[in-house]
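Analysis of the macromolecular model
Read off the chains here:
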Amino acid sequence: MSLHNPENDQELSASWSRQEFEGLDLGDMRLNERLLSIAEALEAQPGSAINAACGDWASVKAAYRLIDNEKVSSEKIFKPHFERTLERMCKNRRVFAIQDTTFLNYTDHPATEGLGSIGTKSQQIQGLVKHTTLIVSDAGLPLGCLTDKVWVREPSVQSAPKFRPLIEKESYKWIEALSALRSDTLADVEVICVCDREADIYEFFVEAKELPFVIRAAQDRVVAADVGKLSDLVRSQPVIGEITAQVPVRASQPAREATLSVHFTTATLRPPHRSQASRSQELPAVDVYLVWVVEKNPPEGATPLEWLLITNVEVSDFADAVERISWYRQRWHIEVYFKVLKSGMKAEAVRLQTKDRLERYIALLSVIAWRLYWLTHINRHSPDVDCTSVLTEIEWQALYCITHKTQILPEKIPRVSEVVVWIAKLGGFLARKSDGNPGVTVIWRGWKRLSDIAATYALFQAAGQNNTS
């Protein structure tokens, strides 16, 4: 499958995997070729087990040997993808660097060695912790991952004493990921850090002071100048306008449109008290802007929506506040990306017996998951581009024939917007006027079917050529 660069609309002759993994160095050319082959097979069959995706027994054994090879590491697998992500970032004026953590649950695989707890002691859930920085363009196109770290949580983490230095705590992951955003190559790109409540760490505000950020507050921090706490400060601010938000179905509550009042102000945060043992230096006060969004009149029995956003980008009026809110809303991209990884690529279903094998395989699946998520959004980003930018000749021809129930190909090559809908239809998308754009789930279901259809189509094409020769 060829890869289209949506930022400059240049078609690339190499397959997507060879383009994305250009510069891959596993220490052996044979290992490099094997990984490229496995990547193409897994993308063609998203969610399939290795033996189903690779096809023949020789390919399956080669895949397992690769995953078990100590020369191969998740860092080496990710390195080319990180480099491609940087290249795509540099073609944008503004991008969002969205950090989040997810847990990969392997409790149902008791034979797997080296896992750690990802729940409470009573839950006895075993698995891995994964922290990712996903880059999304200002237009909403996922450009790739820039950082990715998977680790085993030590038993002491959940009961770690507060006096431990931050660098020894799991929460340091938020600060550690910032280093990738300070590259000289990004000098002309505005990189906006977007994080959820877990990143509400005072040291994060200090470390990210040179990078624009929007974080949802989790702690009711003390504000300087004897104002009190954040909650006291924002509740004293006047309403400057209203916005609406669509609230999905929750438990027994139906979907609704919520009206939210918007407030904003400035604040100087006081450094929290830290014992001498837990800090390496004195923490300075931090000047920030606050945007408080709250639903004043929710339906009876419904929990009102409320966000308190902390940012270091100036907010001087209602338009600024709405823009900061729109920046925070970009965070949903990483939630959907994790859904693609888990539900689409079935990352939690693999049985590889050891933590090290899992980490290598997850790294490869993570890159492929980005590719599938990108495919979902390219329809919205570049709908009128020639479909050869995302499909091979065999793929689009097979797709056209199966969709239109014909053997006669069109005179004009279809557009991206057309083929994405056809792929989604293979996955159950009805394409009614009220259905909007196809989502991730129907895309990956359809993609899996297209792989089989294209393979069959290629066989018939080859047979027809042999009969006429």
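Numbering of residues starts from 1 in every chain and runs along the sequence as written. Note on the predicted model: pLDDT of at least 70 is required for a residue's local features to be given, and 80 or more for side-chain atom pairs to be given and counted; whole-chain, interface and lining totals, by contrast, use all residues. Side-chain metrics rest on all non-hydrogen atoms present in the structure, leaving aside hydrogens and water.

**Comments concerning the overall build of the protein**
Basically, it comes down to this: Each helix is a run of H or I in the DSSP string that is no shorter than four residues. Each strand is a run of E no shorter than two, and both are numbered from the N terminus. Restricting the calculation to C-alpha atoms gives the radius of gyration, and the globule rule supplies 2.2 Å times the number of residues raised to the power 0.38. Accessible surface area values rest on a Shrake-Rupley calculation with a 1.4 Å probe, where residue burial reflects the displayed protein chains alone. Working convention for charge: Lys and Arg count positive, Asp and Glu count negative, and His plus the chain ends are omitted. Charged groups are reduced to one reference atom each: NZ for lysine, CZ for arginine, CG for aspartic acid, CD for glutamic acid.
Along the backbone of the protein there are 14 helices and 14 strands. The C-alpha atoms of the protein give 24 Å as radius of gyration, which agrees with the globular expectation for 469 residues (23 Å, within 12%). Taken along the three principal axes of its C-alpha coordinates, the protein extends 90 × 50 × 50 Å. For the protein, the computed accessible surface area is about 22,500 Å², with 49% contributed by carbon and sulfur atoms. Charged side chains in the protein number 55 positive and 60 negative. The centres of these two groups are separated by 5 Å.

**Details of unusual backbone geometry**
Operational definition: Relative accessibility decides the category of a residue: with a 1.4 Å probe and only protein chains considered, values under 20% of the type maximum give buried, values over 50% give exposed, and everything between is partly exposed.
The backbone phi angle of Gln353 is positive, close to 75°, even though this residue is not glycine. Even without being glycine, Lys405 reaches a positive phi, approximately 55°. Structurally, the position occupied by Lys405 is in the loop between helix 12 (393-404) and helix 13 (416-426). Among the residues examined, Lys405 registers a relative accessible area of 75% and is labelled exposed.

**Some details on the packing of aromatic side chains**
Quick note on the threshold: Side-chain rings of Phe, Tyr and Trp (the six-membered ring for Trp) are treated as a pair once their centres are within 6.5 Å; stacked means planes under 30 degrees apart, edge-to-face means over 60, and tilted covers the remaining angles. As a reminder, the over-ring test applies to NZ of lysine and CZ of arginine, requiring each to be within 6 Å of the ring centre and within 35 degrees of the ring normal.
Evaluation of the coordinates by the stated rule reveals ten aromatic pairs. Between Trp16 and Phe21 the ring centres are 6.4 Å apart and the planes differ by 55°, which places this aromatic pair in the tilted class. Here Trp16 falls in the buried class, since its relative accessible area comes to 0%. Summarising the aromatic geometry, the rings of Trp370 and Trp374 are spaced 6.5 Å apart at their centres and angled 40° between planes, so their arrangement reads as tilted. Here Trp370 pairs with Trp374, and both are found in helix 11 (residues 355-381), just four residues apart, close to one helical turn. The residues Trp370 and Trp374 share a single accessibility class, namely buried. Through a chain of ring-to-ring contacts, three or more aromatic side chains come together here, namely Tyr202, Phe204, Phe205 and Phe213. For Arg324, the ring lying beneath its charged end belongs to Trp327, and the centroid distance is 4.6 Å.

**Quick look at the pattern of salt bridges**
Here is the rule we go by: The term salt bridge refers to a pairing of a side-chain nitrogen on Lys or Arg with a carboxyl oxygen on Asp or Glu at a separation within 4 Å.
Taken as a whole and judged by the stated rule, the model has 28 salt bridges. The shortest N-O distance in the salt bridge between Glu306 and Arg235 comes to 3.7 Å. Placement of Glu306 in strand 14 (residues 306-311) and of Arg235 in helix 8 (residues 230-235) is noted, with a sequence separation of 71 residues between them. The exposure class assigned to Glu306 is partly exposed, which follows from its relative accessible area of 34%. Notably, a salt bridge pairs Arg415 with Glu418, separated by 3.8 Å at the nearest N-O pair. Among the charged side chains, a salt-bridge network with shared partners connects Lys79, Glu83, Arg84 and Glu87.

**Observations concerning helix 10 (residues 332-344)**
Short version of the rule: Here the expected span of a helix is defined as 1.5 Å times the quantity of residues minus one.
Given a rise of 1.5 Å per residue, 13 residues ought to cover 18 Å, and the 17 Å separating the end C-alpha atoms of helix 10 matches this to within 8%. All buried positions along helix 10 are accounted for by His333, Ile334, Val336, Tyr337, Phe338, Val340, Leu341 and Gly344. One or two steps after helix 10, the chain reaches Lys346, where phi turns positive at roughly 55°.

**Points about the pairing of strand 5 (residues 126-137)**
Put simply, the rule reads: In this description, strands pair whenever DSSP reports at least two bridges between them.
Counted residue by residue, strand 5 has eleven buried out of twelve residues, so it is predominantly covered. Looking at chain direction, strand 3 (residues 94-105) and strand 5 are connected through eleven bridges and run antiparallel. From the neighbouring strand, Asp100 faces strand 5, where its bridge partner is Thr132. The pairing of strand 4 (residues 116-117) with strand 5 spans two bridges and is classified as antiparallel. When the sheet's bridge partners are listed, Ser117 is paired in strand 5 with Gln126. Relative to strand 6 (residues 142-151), strand 5 is paired through eight bridges, and the arrangement is antiparallel. The residue bridging Thr133 from the neighbouring strand is Thr147, located in strand 6.

**Remarks on the nonpolar core**
Side chains of nonpolar character tend, in soluble globular proteins, to be buried together. To keep it simple, the criterion reads: Buried Ala, Val, Leu, Ile, Met, Phe, Trp, Tyr and Cys residues form a nonpolar core when they are joined through side-chain atoms within 4.5 Å.
Judged by nonpolar contacts, the single largest core of 143 residues is most densely connected at Phe21, Phe204, Leu290, Leu364 and Leu391. If you tally residues by element for this core, the top one is helix 11, at 15 residues.

**Re the packing of helix 10 against helix 11**
Going by this rule: Every axis corresponds to a line fitted to the C-alpha atoms, with the helix fit spanning only the stretch in contact, and the corresponding angles, defined between N-to-C directions, vary from 0 to 180 degrees. Angular relationships are summarised with four words: roughly parallel below 35 degrees, roughly antiparallel beyond 145, roughly perpendicular across 65 to 115, and oblique for the angles in between. Definitions for this section: a left-handed crossing has its near helix turned counterclockwise from the far helix by less than a right angle. A right-handed crossing has that turn clockwise. Only heavy atoms matter for contacts: two residues are in contact if any of them lie within 4.5 Å across the pair. Following the grouping adopted for this structure description, the nonpolar residues are Ala, Val, Leu, Ile, Met, Phe, Trp, Tyr, Cys and Pro, the charged ones are Asp, Glu, Lys and Arg, and the polar ones are all others, Gly among them.
At a minimum axis separation of 9 Å, helix 10 and helix 11 run at an interaxial angle of 120°. Between helix 10 and helix 11, the angle falls in the class oblique. Where helix 10 crosses over helix 11, the two elements pack in a sense that is right-handed. Of the residues in helix 11, those touching helix 10 at Trp332, His333, Val336, Tyr337, Val340 and Leu341 are Leu365, Ser366, Ala369, Trp370, Leu372, Tyr373 and His377. Partitioning the contact of helix 10 with helix 11 into residue classes produces ten nonpolar, three polar and no charged.

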